[in-house]
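A structural walkthrough
Each chain is listed here by its residues.
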Number of protein chains: 4
Amino acid sequence: MGERGRPKGASGEESRALLLEIAAKEFAQNGYHDTKVSSIVKAASLSQPTFYLYFKNKDAIFEELENLFRLRMIDFAKKSRLQPALEQATVKERIIYNVKELLVFFSKNPNLTRIGFYLSTKADEIKAQMVKQIKENLDFEVDAGYFRKNLDTQTVAECLIGIIERLTFIQLLPQKKQPQEIATDIVDLLIEGMLNREK
Amino acid sequence: MGERGRPKGASGEESRALLLEIAAKEFAQNGYHDTKVSSIVKAASLSQPTFYLYFKNKDAIFEELENLFRLRMIDFAKKSRLQPALEQATVKERIIYNVKELLVFFSKNPNLTRIGFYLSTKADEIKAQMVKQIKENLDFEVDAGYFRKNLDTQTVAECLIGIIERLTFIQLLPQKKQPQEIATDIVDLLIEGMLNREK
Amino acid sequence: MGERGRPKGASGEESRALLLEIAAKEFAQNGYHDTKVSSIVKAASLSQPTFYLYFKNKDAIFEELENLFRLRMIDFAKKSRLQPALEQATVKERIIYNVKELLVFFSKNPNLTRIGFYLSTKADEIKAQMVKQIKENLDFEVDAGYFRKNLDTQTVAECLIGIIERLTFIQLLPQKKQPQEIATDIVDLLIEGMLNREK
Amino acid sequence: MGERGRPKGASGEESRALLLEIAAKEFAQNGYHDTKVSSIVKAASLSQPTFYLYFKNKDAIFEELENLFRLRMIDFAKKSRLQPALEQATVKERIIYNVKELLVFFSKNPNLTRIGFYLSTKADEIKAQMVKQIKENLDFEVDAGYFRKNLDTQTVAECLIGIIERLTFIQLLPQKKQPQEIATDIVDLLIEGMLNREK
DNA sequence: AATGAATGAGACTTCATTCAT
DNA sequence: TATGAATGAAGTCTCATTCAT
């Protein structure tokens, strides 16, 4: 994306950002162990010592990417909460909207997503956090009488995350479906269920 | 197999099986790269050359475990199909039963499950296979009028796998819930949906 | 010193001892930093991984040599104390004997001596220990009236160690003088002083 | 030299002197290898290229410090010889004075002393030079009948250097004793000996 | 059936040093 | 006078794998 063949004395920040970007790609593609510092720097047309100019070690750059993902997820969560902009929309529409926004973020940051959602040892933690928040929202809807009282919201939240994870990797990142479509699919299924209620 | 009480150095098959079992545990616990051949053989009280007596290399033992999982999954699939024992049961009960059986298998083989369902590069393939089969079953139920006609069975199957995966790692393997309970939760949610239909 | 060209499958202990011996020589000759693991193993006709088979890391082998020196010094100290074999000898003769024995040990272990007495960061500690013991002996002789009452035994002990150190590196290890001769020189000087008392 | 209050970037000489001073401290504290060019310049608030503006390489700055020590020692030697100011003093007093002056120099230049007397590969050479000169002085005193004829002046000189070295590092630099005190201790011991000559 | 001993290959990391401005 | 950016060279260490018995 950046202009190929940076000038020799590029700004340090540029080199750093480049390394970060390439590392994200490599980690996402090959995992932590099969991503070598040597291959990162080669892809960046830099030397190994340069890598250590900007990152303490291989672990550190990975952690930085993990954190980047986590922070963006937190931002995302905040934004979600602050967005009663769809006041008049139905509950379903709002949920679809939120899921869609999450998927949009994932599709815009596929490498980071793969790292933070799959490779990171902290992935479980991050997902647990998301589950917690979803559950809180669901509890609210249950109280409001929108969802049935006997719903195990904790489990529903876990299921939602499981679904999002799978569809992200199987449909979204390979660009087989759009965020909107996937979000609709998911929410529709979970809310309506599968039963044929005609007649 | 037969424990003929060999005085020393157990039969070759025994050593092999021991290595396989220990490797499964280590891989499941630490992942592929952080599982060292040296630690496997140490845990088995054997030497490194012995390892290579039974397995071509580290990759080979991992693949063998992957295949073990896959074969057992195929066995499982067959058994499922051959089991019209619940003929009279409702569709929902049958589905719950099948999911439960799968979870029982997972909970009895936690290491293999972690390997085949999470660590293996072939995990996607295996899951895809499962999705395919689930979809076929669902299509049948839709035709039978049990599920609504406009159901995207492919996506439902994907969702089901995503849910199973998550609940397996988050509830089943940590032994927070029993297979039956989890299966019921899942199927109930997917079939009934979340809506409060009272009025 | 060992037979050149050990057989391939040498006993592990032999390889270990060989590495230790060669390392001692290299450290003594070139210091810690200028001694490379690669040069140690090359001199031992072994490969680098073999080094790590027997020693945790470069530091560890150096520490082992330090400790070897320290332990031998402690042995030496014990032996010195347990040796009233020279009962009838004069105080001066006994001191000469002890210094000589120390120098004999040094001359038999030149590499270890250079390491433990010069290169080691623990050298100061070891010397301090020796000073302490010498001081105790001197205090005893002073009480016995052999040495003058106003002698600062602590400082004398420090001086003795300083002298021993210098003469060890300047005369003993380069084999310019024998232990007996050096010991006599030192003790004679310190006890008699330099003054011309004739007249 | 002149502090003309240059607004920014001090005069070259100042930077050079600063580097030299800091390097001395770091070398003295951490030894040659554990002193990094990077840490020297950081302590001087300068950049690495600036270091190479003033010194050919790391070795060069170390050598310069070695030489500084050597030159000052030579100055010191000259001053000693040119100082018959104590004409009427006894031989002992004169020797004490000289030793004290040396120690004063050491205590005023602790870093340089540690470098030139301990770390430098030329330390042996420097000490040998000092020994030579001390020996010449001693020979003179022997001829003058002040010291006993059978004195091995070469060895006495070696001993004196050994003692000075040890007491410098153990008492002087840690500021446990003053130059005067140490000088008196040393000379008194060497001249008078340890014997109790009362009767 | 088993292993004590050893190693090729390669990863990560550091440091003195230089280029271009 | 000074430096931001970069690197060649080299060292330590690890790991899967094999040799010879």
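Residues numbered from 1 in each chain as written. Chains lettered and ligands numbered in written order. Predicted model: local features only at pLDDT ≥ 70, side-chain atom pairs only at ≥ 80, totals over all residues. Heavy atoms only, no water.

Right, let's talk about the interface of chain A and chain B for a bit. On the chain B side, the residues contacting the 36 residues of chain A number 36 residues. Here chain A meets chain B over a buried area of about 3,500 Å², counting both sides, of which 57% is carbon and sulfur. Per-residue buried area on chain A facing chain B is highest for A:Arg148, A:Arg166 and A:Met194; these three make up 23% of the total on that side. Linking chain A to chain B there are six salt bridges. A salt bridge links A:Lys177 to B:Asp152; the nearest nitrogen and oxygen atoms lie 3.3 Å apart. Along the contact surface separating chain A from chain B lie 11 residue pairs in polar contact (both at pLDDT 80 or more). Per-element tally for the side of chain A that touches chain B: the top contributor is helix α8 (residues 153-172) of chain A, with 11 residues. Considered class by class, the residues forming the side of chain A that touches chain B number 18 nonpolar, seven polar and 11 charged. (Contact = heavy atoms within 4.5 Å. Buried area = accessible area lost by both parts, 1.4 Å probe. Salt bridge = Lys/Arg side-chain N within 4 Å of Asp/Glu carboxyl O. Polar contact = N/O pair within 3.5 Å; in protein donor to acceptor, adjacent residues only side chain to side chain. Helix = DSSP H or I, 4+ residues; strand = E, 2+ residues; numbered from the N terminus. Nonpolar A, V, L, I, M, F, W, Y, C, P; charged D, E, K, R; others polar.)

With 112 residues, the main nonpolar core has A:Phe106, A:Phe147, B:Phe106 and B:Phe147 as its most contacted residues. Among all residues touching A:Phe106, those that are not within four sequence positions of it are A:Phe69, A:Met73, A:Thr113, A:Phe117, A:Ile164, A:Thr168, A:Leu172 and A:Leu173. Within the second largest apolar cluster, 110 residues are counted, among which are C:Val142, C:Val156, D:Ala24 and D:Leu167. (Core = buried A, V, L, I, M, F, W, Y, C linked by side-chain atoms within 4.5 Å. Buried < 20%, exposed > 50% of the residue type's maximum accessible area, 1.4 Å probe, protein only.)

What follows covers the domain arrangement of chain A. Residues and elements named next belong to chain A. In terms of domain boundaries, chain A breaks down into domain 1 (10-55) and domain 2 (64-192). Measuring from the centre of the C-alpha atoms in domain 1 to the corresponding centre in domain 2 gives 30 Å. The partner domain 2 presents seven residues to the nine residues of domain 1 that form the contact. Buried area between domain 1 and domain 2, both sides added, is near 650 Å², and the carbon and sulfur share of it is 70%. When the buried surface of domain 1 facing domain 2 is broken down by residue, Leu20, Ala24 and Ala28 rank first, second and third, together holding 61% of it. Here Glu64 ties to Arg16 by a salt bridge, and the two come within 2.8 Å at their closest N and O atoms. Viewed at the interface, domain 2 and domain 1 are joined by two residue pairs in polar contact (both at pLDDT 80 or more). Looking at the side of domain 1 that touches domain 2 residue by residue, the classes come out as six nonpolar, one polar and two charged. (Domains from an automatic or database assignment.)

The positions UniProt marks with the feature "DNA-binding region" (unreviewed entry) are residues 36-55 of chain A. Annotated as 70% helix and 0% strand, the span residues 36-55 of chain A places its first and last C-alpha atoms 14 Å apart. (UniProt positions renumbered as here; feature names shortened; annotations may be inferred.)

Here we come to the relation of the copies chain A and chain B. Expressed as a screw transformation, the operator carrying chain A onto chain B has a rotation angle of 179° and an axial translation of 0.0 Å, and the superposed copies differ by an RMSD of 0.2 Å. The symmetry that links the two subunits is that of a two-fold axis. Minimal C-alpha separation from the rotation axis in chain A is found for A:Gly193, amounting to 1.8 Å. Residue by residue, 100% of the interface of chain A is reproduced at the interface of chain B, so both copies engage with the same surface. (Least-squares fit on C-alpha atoms with pLDDT ≥ 70 in both.)

Our next topic: the protein's contact with DNA strand F. Around DNA strand F, a shell composed of 36 residues is seen, among which A:Gly12, A:Pro49, A:Tyr54, B:Gln48 and D:Pro49 lie nearest. Taking the atoms of DNA strand F that fall within 4 Å of the protein, sugar and phosphate contribute 61% of them. Between DNA strand F and C:Tyr52, the relevant distance is 2.8 Å, taken from a phosphate oxygen to a side-chain nitrogen or oxygen of the residue. Contacts to DNA strand F include C:Lys58, whose backbone N or O atom sits 3.1 Å from a phosphate oxygen. Sorting the residues of the surface near DNA strand F by element identifies α1 (12-30) and α3 (48-54) of chain A, α3 (48-54) of chain B, α3 (48-54) of chain C together with α3 (48-54) of chain D as the ones contributing at least two each. Grouping the amino acids of the surface near DNA strand F by side-chain chemistry returns 16 nonpolar, 14 polar and six charged. (Near = heavy atom within 4 Å.)

For the rest of this paragraph, the subject is the relation of the copies chain D and chain C. Take chain D, turn it by 179°, move it 0.0 Å along the axis, and it overlays chain C with an RMSD of 0.2 Å. In this assembly the copies share their binding face: 100% of the residues contributing to the interface of chain D also contribute to that of chain C.

Another point: unusual backbone geometry. Unlike most non-glycine residues, A:Gln175 shows phi in positive territory, near 55°. You will see that B:Ser45, though not glycine, has its phi angle at about 55°, which is positive. With respect to the helices and strands, the residue B:Ser45 is situated in the loop between α2 (37-43) and α3. For B:Ser45, a relative accessible area of 67% corresponds to the exposed category.

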